[in-house]
Amino acid sequence: MQHLGSRKHFFILAIATVLVFYYCYFRTALVTPIYGPDPAAWPYLVDVTFTLPLLYYFLFRPSRKKMLTAWLAIASFGMLAGRLLNPAQEQAFGHYTILLIALEIGLELALVGVLIYQCRQLLKQSHSADDAFATIFTNKPMELEARIWYYGMLMRHGERLHFRGEQHFRYDQNQGNASNQLAWIMLILFETPIAHLFLHLWLGAGWLLWALDLLNLWGLLALIAEYRATRWRPISLDAKALIIRNGVLAGDRNIPYPLIEAVSRCGDEVRHQAGVLIFRQGGQLNVKIQLSAATQLPNLMGRKRAVHTIYLSMDQPAAFVDALRVRLVPPALTP
């Protein structure tokens, strides 16, 4: 892991070095005696489309699919940076940029589409959502994106889904949690065409307008996925661990019972601070879980961080607290 971090830092340093060099190449008088007042852009294009991707390959040795995605991302970023570094050729860089970004988006959607199709086939066989996503996806950002597409557009008959755990507890009805999310979705659906009209009057019919519309629709899809996952993805007690699920926009946490020191009811007056996880959504916090001091849990992207307290918003907090206390080892029981 440490070697991977050092390679990432080296690659970032290489990108920064290339950008600084070409800033001097395009924008300063230092190179005018050598290259003239209007230096050629092809050396920069070679570096961002060939040299930097080749360096990425030798540093990380990715698979072919990941390498193709990385190449498109590096080249797209290079074209965007080129528009700033060389304003004289901004239009030419702009054409390349739009083409590369379109290819990258198409590739990402194709990859996600294939993975989601495979996931749906597994769900038809077992109806176990946890097992299906864990089997297909090993990359956390890709798993998040696939969950958004699945719960936002592809899920049918959510009541048939099975989730790992022996006891399941809901959180969608606390203070109208899911209903409030649905209200926001309806508001955005009503607002989207009006916003498009005003942006059209302000920006014209350029590509920026459609890019903003696509971002708006993507945000709407994420909200729909969050609403539907809130209704069907429970918080569960398994034989050996507490499984916290909270929509799709918060990463799942599996917490072994020996790491839990205490569980109790709590009020809603909780402040965000280091080491505290809050799963509120649109409800009211009513359960507090105290963890051991050395506990580390992965975040949404899979990186571990120290956590000592978790707050939950449950439909039936008393039943959840009683059920969890029964499963804790005797030294962790609290009155």
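What you see is a predicted model; the values in this text were computed from it and never measured.

A. Expanded view of the overall build of the protein. Across its full length, the protein carries 10 helices and 10 strands. With 335 residues in all, the protein has 40% of them scored as buried. Put simply, of all contacts in the protein between residues at least 6 apart along the chain, 67% involve residues at least 24 apart. If you sum the accessible surface of the protein, you get close to 19,200 Å²; carbon and sulfur atoms cover 64% of it.

B. Structural context of the pairing of strand β4 (residues 250-256). By the bridge criterion, 5 bridges tie strand β3 (residues 241-246) to β4 in an arrangement that is antiparallel. Counted as the bridge partner of Asn246 is Ala250 from β4. The hairpin formed by β3 and β4 contains 3 residues between the paired strands, and Gly247 there has a positive phi angle of roughly 65 degrees.

C. How the structure looks around the packing of aromatic side chains. A complete count under the given rule lists 9 aromatic pairs for this structure. Pairing Phe11 with Tyr56 gives two aromatic rings, centres 5.5 Å apart and planes at 65 degrees, and the pair type is edge-to-face. In this pair, Phe11 is assigned in helix α1 (residues 2-27) and Tyr56 in helix α3 (residues 42-60), connecting sequence segments 45 residues apart. Take Phe11: its relative accessible area is 8%, and that puts it in the buried class. Judged by centre distance (5.1 Å) and plane angle (80 degrees), the rings of Tyr22 and Tyr44 are edge-to-face. Here Tyr44 lies in helix α3 and Tyr22 lies in helix α1, a separation of 22 residues in the sequence. The class for Tyr22 is buried, based on a relative accessible area of 5%. An aromatic cluster of three or more residues is present, and its members are Phe11, Tyr56 and Phe60.

D. Spotlight on the pattern of salt bridges. Tallying each qualifying case throughout the model produces 6 salt bridges. The partner of Asp252 in a salt bridge is Arg147, with the nearest N and O atoms 3.8 Å apart. Here Asp252 is found in strand β4, whereas its partner Arg147 is found in helix α7 (residues 140-154), with 105 residues between them in sequence. Taking the relative accessible area as the measure of exposure, Asp252 reaches 27% and is therefore partly exposed. Between Asp252 and Arg233 there is a salt bridge; the shortest N-O distance is 2.6 Å. Here the residue Asp252 occupies a position in strand β4, and Arg233 occupies one in the loop between α9 (207-232) and β2 (235-237), the gap between them amounting to 19 residues. A single salt-bridge network, built from bridges that share partners, covers Arg147, Arg233 and Asp252.

E. Representation of the environment of Asn180 within the structure. Within the secondary structure, Asn180 is located in helix α8 (residues 177-203). Taking the relative accessible area as the measure of exposure, Asn180 reaches 37% and is therefore partly exposed. For the pair formed by Asn180 and Gly283, sequence separation is 103 residues and the distance between their alpha carbons is 9.2 Å. Not counting residues up to four positions away in its chain, the partners in contact with Asn180 are Gln175 and Gly282.

F. Representation of the environment of Thr309. Structurally, the position occupied by Thr309 is in strand β10 (residues 309-312). Its relative accessible area of 4% is what places Thr309 among the buried residues. When sequence neighbours within four positions are dropped, the list of residues in contact with Thr309 reads Gly275, Val276, Leu277, Lys288, Ile289 and Gln290. Separated by 2.7 Å, the side chains of Thr309 and His308 make a polar contact.

G. The sheet that holds strand β5 (residues 260-265), seen in detail. Taking strand neighbours across the sheet as the criterion, the 4 strands line up as β5-β7-β10-β6 in an open arrangement whose pairing is mixed. The open sheet has two edge strands with one neighbour each: β5 and β6 (276-279). Neighbour-to-neighbour, the strand axes of the sheet open up by a mean angle of 15 degrees, direction not taken into account. With 5 bridges connecting them, β5 and strand β7 (residues 287-291) associate as antiparallel partners. Across the sheet, Ile260 pairs through a bridge with Leu291, a residue of β7. Along the sheet, helix α10 (residues 317-327) contacts β5, β7 and β10; its crossing angle with β5, the most-contacted strand, is approximately 155 degrees.

H. Representation of the sheet that holds strand β1 (residues 167-169). One open sheet accounts for 4 strands, arranged β1-β2-β3-β4; its pairing is antiparallel. In the strand order of this sheet, the two ends are held by β1 and β4, each with one partner. Ignoring strand direction, the axes of neighbouring strands in this sheet form an average angle of 15 degrees. Direction of pairing for β1 relative to β2: antiparallel, over a ladder of 3 bridges. Looking across to β2, one finds that His168 is bridged to Ser236.

Conventions and cut-offs
Residues numbered from 1 in each chain as written. Predicted model: local features only at pLDDT ≥ 70, side-chain atom pairs only at ≥ 80, totals over all residues. Heavy atoms only, no water. Helix = DSSP H or I, 4+ residues; strand = E, 2+ residues; numbered from the N terminus. Buried < 20%, exposed > 50% of the residue type's maximum accessible area, 1.4 Å probe, protein only. Contact = heavy atoms within 4.5 Å. Areas by Shrake-Rupley, 256 points an atom, 1.4 Å probe, with all protein chains shown as cover. Pairing = 2+ DSSP bridges. Phe/Tyr/Trp six-rings, centres within 6.5 Å; stacked < 30°, edge-to-face > 60°. Salt bridge = Lys/Arg side-chain N within 4 Å of Asp/Glu carboxyl O. Polar contact = N/O pair within 3.5 Å; in protein donor to acceptor, adjacent residues only side chain to side chain. Axes fitted to C-alpha atoms, helices over the stretch in contact; angles between N-to-C directions.

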